[in-house]
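Chain residues, written in single-letter form:
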Amino acid sequence: MKRIAPLGLRTRLIAAFLLVAAISAVTTAALTYQQARTAVLKQSQDTAVSTLRDQIETQPLDLPLTQAQLQRIVTELGKRGKPNPWNVFGEYGTLRASSTSAPTSTVVTEELRRKVAAHPHGAFQRVTDTAGRPYLAVGMPAVWLHNQTREPTGLVLYATMPLATEGKTVDAMVEAAKRGAVPGLAIAVIPALLAARSVLRPVRDMRLAAQHLGLGRLDTRIEVRGSDELAGLARTFNETAGALEQSVAELREAEARARRFASDVSHELRTPLAGMLAVTEVLDEDAEHFDPDTAAALRLVSAETGKLAVLVEDLMEISRFDARAAELNLDDVDIAEAVRKSLERRHWDDERVLTDLPSQVRARLDPRRFDVVLANLVGNALRHGGAPVRVSVRTQPRPDGARLRIEVADSGPGITPEVLPHIFDRFFKADAARTRSAGSGLGLAITLENVRLHGGTLTAANGPAGGALFTLDMPLEAQA
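Each chain has its residues counted from 1, running along the sequence as written. The predicted origin of the model limits local features to residues at a pLDDT of at least 70 and limits the giving and counting of side-chain atom pairs to 80 or more, whereas totals for whole chains, interfaces and linings rest on all residues. Heavy atoms throughout the structure, all of them, feed into the side-chain values; hydrogens and water do not.

**Topic: a negative patch on the surface**
A cluster of acidic residues, Glu281, Asp284, Glu285, Asp286 and Glu288, forms a negative patch at the surface. Exposure is judged per residue with a 1.4 Å probe applied to protein chains only, and the accessible area is read against the type maximum: over 50% gives exposed, under 20% gives buried, and values in between give partly exposed. Assessed through its relative accessible area of 33%, Asp286 is described here as partly exposed. Within the patch definition used here, like charges are joined within 9 Å and nonpolar side chains (Val, Leu, Ile, Met, Phe, Trp, Tyr) within 5 Å, considering only residues with over 30% relative accessible area and no salt bridge. Residue exposure ignores everything except the shown protein chains as possible cover, and the areas themselves are Shrake-Rupley values with a 1.4 Å probe. A carboxyl oxygen of Asp or Glu within 4 Å of a side-chain nitrogen of Lys or Arg is what we treat as a salt bridge. Positive charges are assigned to Lys and Arg, negative charges to Asp and Glu, while His and the chain termini are left out of the count. Here the site of a charge means NZ on Lys, CZ on Arg, CG on Asp, or CD on Glu.

Here it is, written out as structure tokens:
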């Protein structure tokens, strides 16, 4: 199922603005319609009630009424309807009369009759007939005054008036409201755009500033405009960026001091170590002439001096990478021949290392650094994995240029999941209890830096058949 892309902030702001405008317009129109409808109907019913009362009070009554007299009264009243023409129905005892052809009306309900009987001043009711048309029905009893008291005469007159004119007036008001709502919403787009622009401008500035900050431009700041929430957010961003710039500057300074310290120590140790190595080699050769305890001590000193020399050389190499002083000395190299020579130089050209080396694979790379990479990977596989170690070389065509792919797999137990993410970390030991090792702990870190210097990648994983698998991927044509 294809997911719908989320709407942008500008679209949502404009939509929210228009929604508020639409709700306001609809609410205003509804309230206006209700008030106007009530006012129109109230005016009509008040006029009708007042007119009917005045007309009844001016009618002469000669009680008791006959059918002819009742008919005359309703006919006369039927001609004087206000504000609209009406039909009048009269009831006097058992007598019934009407200004129309029908003696009674369905609009005059029993509920209205009960209200009129209970109220000597009359009552009214808005009803609809069987066809759904609105009517106003007014009931008014005829009374006569006796000692300031209204006494009923027994005559009740009903006037029914259609409200079609009032309905058309209300419908016209609704239509006018509808026609005015669309242009109003269209006009509301302009302030919506202006409001969205005023809100999105600082947000856009903040996004660009965050991008610059992510690219390393830690001196990026945002211009603070006004004193609203967005201005407060801009000030907070500037304060955060300033604190980050200061922290990064302190970290860089500390890192530079650490690099200089490691480099200086390595350089200072290199000369005395060279002398110590020469002395220990001589003593190591003559160790057989000493007693066993002295000979063992001499060999231990010689081995530890060699490890210290390796550590110093590795520290100097990693310092060059940290200082970005490492350079490539590129040359055209036969990969198969380079792999064989690297293995022969370290006496690994026996059954411990199996190779799959296609002929005529040439690459432009740094031979010394490539030798270091291969020696570290194979040596690590032999030391921490298990023989036989398999070295395979392949080339892969890519749209951006052919790539060299070298895999080094051992026959050991593999790399545990908790160790795998840290395999290239400096001085990392997979076994925390192993405080001493034959290497410096920097071999794989230096290997990774050499591969990166060639524009390649180095990954570690567990092979499908078990054992660790290191995969080197780098261009056949490295760029210095």
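Right, picking up where we left off after that structure.
**Side note on the nonpolar core**
Only buried residues count toward a nonpolar core, which is a set of Ala, Val, Leu, Ile, Met, Phe, Trp, Tyr and Cys residues joined through side-chain atoms within 4.5 Å. One finds Ile335 and Phe470 to be the most contacted residues of the largest nonpolar core, which totals 38 residues. Under the DSSP-based scheme used, a helix requires at least four consecutive residues in state H or I and a strand at least two consecutive residues in state E, with every element numbered from the N terminus. At the level of elements, α7 (335-345), β8 (362-365), α8 (367-385), β9 (389-396), β10 (403-409), α9 (443-453), β11 (457-462) and β12 (468-475) are the ones that each hand at least two residues to this core. Examining the composition of this core, we find that six residues originate from one element, α8, more than from any other. Not counting chain neighbours up to four residues away, the residues in contact with Ile335 comprise Val361, Ala363, Leu365, Phe370, Val393 and Leu404. Val74, Ala142, Leu155 and Met161 belong to the second-largest nonpolar core, a separate cluster that totals 23 residues. For this analysis, residues touch if any pair of their heavy atoms sits within 4.5 Å.

**Observations concerning the packing of aromatic side chains**
Working definition: an aromatic ring pair is given by the centre-to-centre distance plus the angle between the planes. Each Phe, Tyr or Trp ring (for Trp, its six-membered ring) is paired with any other whose centre lies within 6.5 Å, and the angle between the two planes then decides the class: stacked below 30 degrees, edge-to-face above 60, tilted in between. Taken as a whole and assessed by the stated rule, the structure comprises one aromatic pair. Ring geometry for Phe424 and Phe470: centres 6.1 Å apart, planes at 80°, overall edge-to-face. Note that Phe424 is positioned in the loop between β10 and α9 and Phe470 in strand β12, a separation of 46 residues in sequence. Here the guanidinium or amino end of Arg113 rests over the ring plane of Tyr158, the centre of that ring lying 5.8 Å away. Lysine and arginine charges are scored as sitting over a ring when NZ or CZ, respectively, is within 6 Å of the ring centre and within 35 degrees of the ring normal.

**Looking at the pattern of salt bridges**
Where charged atoms from two side chains of opposite charge approach closely, those side chains can pair. Evaluation of the coordinates by the stated rule reveals 17 salt bridges. Among the ionic pairs, Lys115 bridges to Glu111, the shortest N-O distance being 3.8 Å. With a gap of four residues between them, Lys115 and Glu111 both fall in helix α3 (residues 110-118), about one helical turn apart. Asp334 is the partner of Arg362 in a salt bridge, and the nearest nitrogen-oxygen pair spans 3.6 Å.

**Observations regarding the packing of helix α6 (residues 292-322) against α9**
Packed helices, taken two at a time, are described by the angle their axes make and the gap between the axes. Every axis corresponds to a line fitted to the C-alpha atoms, with the helix fit spanning only the stretch in contact, and the corresponding angles, defined between N-to-C directions, vary from 0 to 180 degrees. The interhelical angle for the contact between α6 and α9, taken along N-to-C directions, is 35°, at an axis separation of 10 Å. Where α6 crosses over α9, the handedness of that crossing is left-handed. Each of Asp314, Glu317, Ile318 and Phe321 in α6 lies in contact with α9, whose residues at this interface are Ala445, Ile446, Glu449, Asn450 and Leu453. Charged means Asp, Glu, Lys or Arg here, nonpolar means Ala, Val, Leu, Ile, Met, Phe, Trp, Tyr, Cys or Pro, and polar covers whatever is left, Gly included. The residue inventory of the contact of α6 with α9, partitioned by class, reads five nonpolar, one polar and three charged. Crossing handedness is read from the near helix: turned anticlockwise from the far helix by less than a right angle, it gives a left-handed crossing, and turned clockwise, a right-handed one.

**Topic: the sheet that holds β10**
Taken together, five strands build an open sheet; the order of strands is β7-β9-β10-β12-β11 and the sheet is mixed. What marks the edges here is a single partner per strand, and that holds for β7 (353-356) and β11. Strand-to-strand twist across the sheet, computed as the mean angle between neighbouring axes with direction ignored, equals 15°. Only when DSSP finds a minimum of two bridges between them are two strands counted as paired. In terms of strand pairing, β11 meets β12 through six bridges, oriented antiparallel. Along β12, the bridge assignment pairs Ala461 with Leu469.

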